Amino acid sequence: MYYNIKALILNTKVASEADKIITAYTDKWGKIYAIVPSAKKIVAKLNAATEPVTESELIIYQTSQYSRPTVTGARILNNNTLVKQDFHRNLLAFYVCEISDKFAPVHLPSKKKYELITRTWDLLATSKAPLRVLTAFSLRLLKISGYSMVDYLKRNYSNIKKEDILYLKKIANCSGDSLDIMQEFENSDDKIMWNYVESYIKTYVPQPSVGLFLKKINYIN
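Worth saying up front: this structure is predicted, and the values here are computed from it rather than measured. Each chain carries its own residue numbering, running from 1 in the direction its sequence is written. Predicted model: local features are reported for residues with pLDDT of at least 70 only, side-chain atom pairs are reported and counted for 80 or more only, and whole-chain, interface and lining totals are derived from all residues. In computing side-chain values, all of the structure's heavy atoms are included and hydrogens and water are not.

Let us look at the side chain of Thr 23. Runs of H or I in DSSP of at least four residues are treated as helices and runs of E of at least two as strands, each being numbered from the N terminus. Tracing the backbone shows Thr 23 in strand β2 (residues 20–26). By relative accessible area, which is 6% here, Thr 23 ends up buried. Whether two residues are in contact is decided by their heavy atoms: any pair within 4.5 Å suffices. Once residues within four sequence positions are removed from consideration, Thr 23 is found in contact with Leu 8, Ile 9, Leu 10, Asn 11, Lys 31, Ile 32, Tyr 33 and Asp 101. For the exposure calls, accessible area comes from a 1.4 Å probe over protein chains only, and a residue counts as buried if that area is under 20% of its type's maximum, exposed if over 50%, partly exposed in between.

What follows is the structure, encoded as structure tokens:
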């Protein structure tokens, strides 16, 4: 059967000389792995629509609920061009993809997660504080996934300073449009807050590879 679904492309990997496998977070099915045939060919029509940090409408063919879906058609809904044109913002968007993948069970859809990812990609395109956007996203993703860092800090002793815990709560509860205008925040504060959040993330999943690269280029050190 054929299905039309909206999907956020989180990751891709080579499946064969011409094919690739995508990890996508869909509006109807949650996270799925799908084959994109001939996507690695130079003239492939499906390649651009199945690259990470892209929202696309996919045509999926699946013979049964147990078979791996195959992408037979795709249309880009949002290419997030402004993000992809900026090296650091694109890396942060890849970080969003990576931790979204790690905290998303297969075939468990969540409208909140889908909207959170798309909203975060939009904010990363124009925000004056993109690392703060990633911090806010991570705190909200953790809460939706059942690993709320803010709730954990309420219940457990932490060596995080009280004023920093208050900052984290502010970021977690701040609307996306207001993140840029949060008072009493400097660039160094954003890095401190992010390091707290990433350390918490690593208690549940392995160190995200994008995070390692960001440290190597001294973006978040």
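Here we take up the environment of Val 150. Considering the arrangement of structural elements, one finds Val 150 in helix α5 (residues 149–155). Taking C-alpha positions, Val 150 is 7.5 Å from Leu 168, a pair spaced 18 residues apart along the chain. With near-sequence residues (within four places) excluded, Val 150 lies in contact with Lys 169 and Ala 172.

What follows deals with helix α3 (residues 111–126). Spanning 16 residues, α3 covers 24 Å between terminal C-alpha atoms, matching the ideal 22 Å at 1.5 Å per step. Residues of α3 that are buried: Lys 113, Tyr 114, Leu 116, Ile 117, Thr 118, Thr 120, Trp 121, Leu 123 and Leu 124. On its buried face, α3 is in contact with β1 (2–14), β2, β4 (54–61), α1 (81–84), α2 (87–102) and α4 (130–144). Expected helix span is taken as 1.5 Å per residue step, with the number of steps being one fewer than the number of residues.

For the rest of this paragraph, the subject is the packing of α2 against α4. All axes are obtained by fitting lines to C-alpha atoms, using only the stretch in contact for helices, and the reported angles, taken between N-to-C directions, cover 0 to 180 degrees. As a packed pair, α2 and α4 sit with axes 10 Å apart at the nearest point and diverge in direction by 5°. Overall, the two elements α2 and α4 adopt an arrangement that is roughly parallel. Of the residues in α4, those touching α2 at Arg 89, Leu 92, Tyr 95, Val 96, Ile 99 and Ser 100 are Pro 130, Leu 131, Leu 134, Phe 137, Ser 138 and Leu 141. Residues belonging to the contact of α2 with α4 are distributed by class as follows: 9 nonpolar, 2 polar and 1 charged. Throughout, the term roughly parallel applies to angles under 35 degrees, roughly antiparallel to angles over 145, roughly perpendicular to angles from 65 to 115, and oblique to all others. For this classification, the nonpolar set comprises Ala, Val, Leu, Ile, Met, Phe, Trp, Tyr, Cys and Pro, the charged set comprises Asp, Glu, Lys and Arg, and every other residue, Gly included, is treated as polar.

On to the packing of aromatic side chains. Two aromatic rings from Phe, Tyr or Trp, using only the six-membered ring of Trp, form a pair when their centres are within 6.5 Å; if the ring planes differ by under 30 degrees the pair is stacked, by over 60 it is edge-to-face, and anything between is tilted. Scanning the model with the defined rule gives 8 aromatic pairs in all. With 6.4 Å between their ring centres and 75° between their planes, Phe 87 and Phe 213 make a pair best called edge-to-face. Of this pair, Phe 87 sits in helix α2 while Phe 213 sits in helix α8 (residues 209–216), and the two are 126 residues apart along the sequence. According to the relative accessible area criterion, Phe 87 is partly exposed, its value standing at 48%. With a centroid separation of 5.5 Å and an interplanar angle of 50°, the aromatic rings of Tyr 152 and Tyr 200 are classed as tilted. Highlighted residues: Tyr 152 in helix α5 and Tyr 200 in helix α7 (residues 187–201), separated in sequence by 48 residues. According to the relative accessible area criterion, Tyr 200 is buried, its value standing at 8%. Ring pairing ties together the aromatic residues Phe 103, Tyr 147, Tyr 152, Tyr 200 and Tyr 204, which thus form one cluster.

Once that is clear, we can look at helix α6 (residues 162–173). With 12 residues, α6 should reach 16 Å at 1.5 Å per residue; the first-to-last C-alpha distance of 17 Å fits that figure. Among the residues of α6, Asp 164, Ile 165, Tyr 167, Leu 168, Ile 171 and Ala 172 are the ones counted as buried. Angular distribution of buried residues about the axis of α6 spans 155°; they occupy a single face of the element. In α6, those exposed residues whose orientation departs by more than 90 degrees from the buried face are Lys 162, Leu 166 and Asn 173. Arc definition: directions from the helix axis to the C-beta atoms.

Turning our eyes to something else, we now look at the pattern of salt bridges. What counts as a salt bridge is simple: a side-chain nitrogen of Lys or Arg found within 4 Å of a carboxyl oxygen of Asp or Glu. On inspection of all chains with the given rule, the structure shows 9 salt bridges. The partner of Arg 75 in a salt bridge is Glu 57, and the shortest N-O contact between them spans 2.9 Å. Of this pair, Arg 75 sits in strand β5 (residues 70–78) while Glu 57 sits in strand β4, and the two are 18 residues apart along the sequence. Residue classification places Arg 75 among the partly exposed positions, given a relative accessible area of 47%. Given the relative accessible area of 25%, Glu 57 is considered partly exposed. Across the salt bridge formed by Lys 111 and Glu 115, the nearest N and O atoms sit 4.0 Å from each other. Placement of both Lys 111 and Glu 115 in helix α3 is noted, with a separation of 4 residues, approximately one turn of the helix. Given the relative accessible area of 64%, Lys 111 is considered exposed. Given a relative accessible area of 43%, Glu 115 falls into the partly exposed group.

Nothing here speaks to function; it is geometry throughout.
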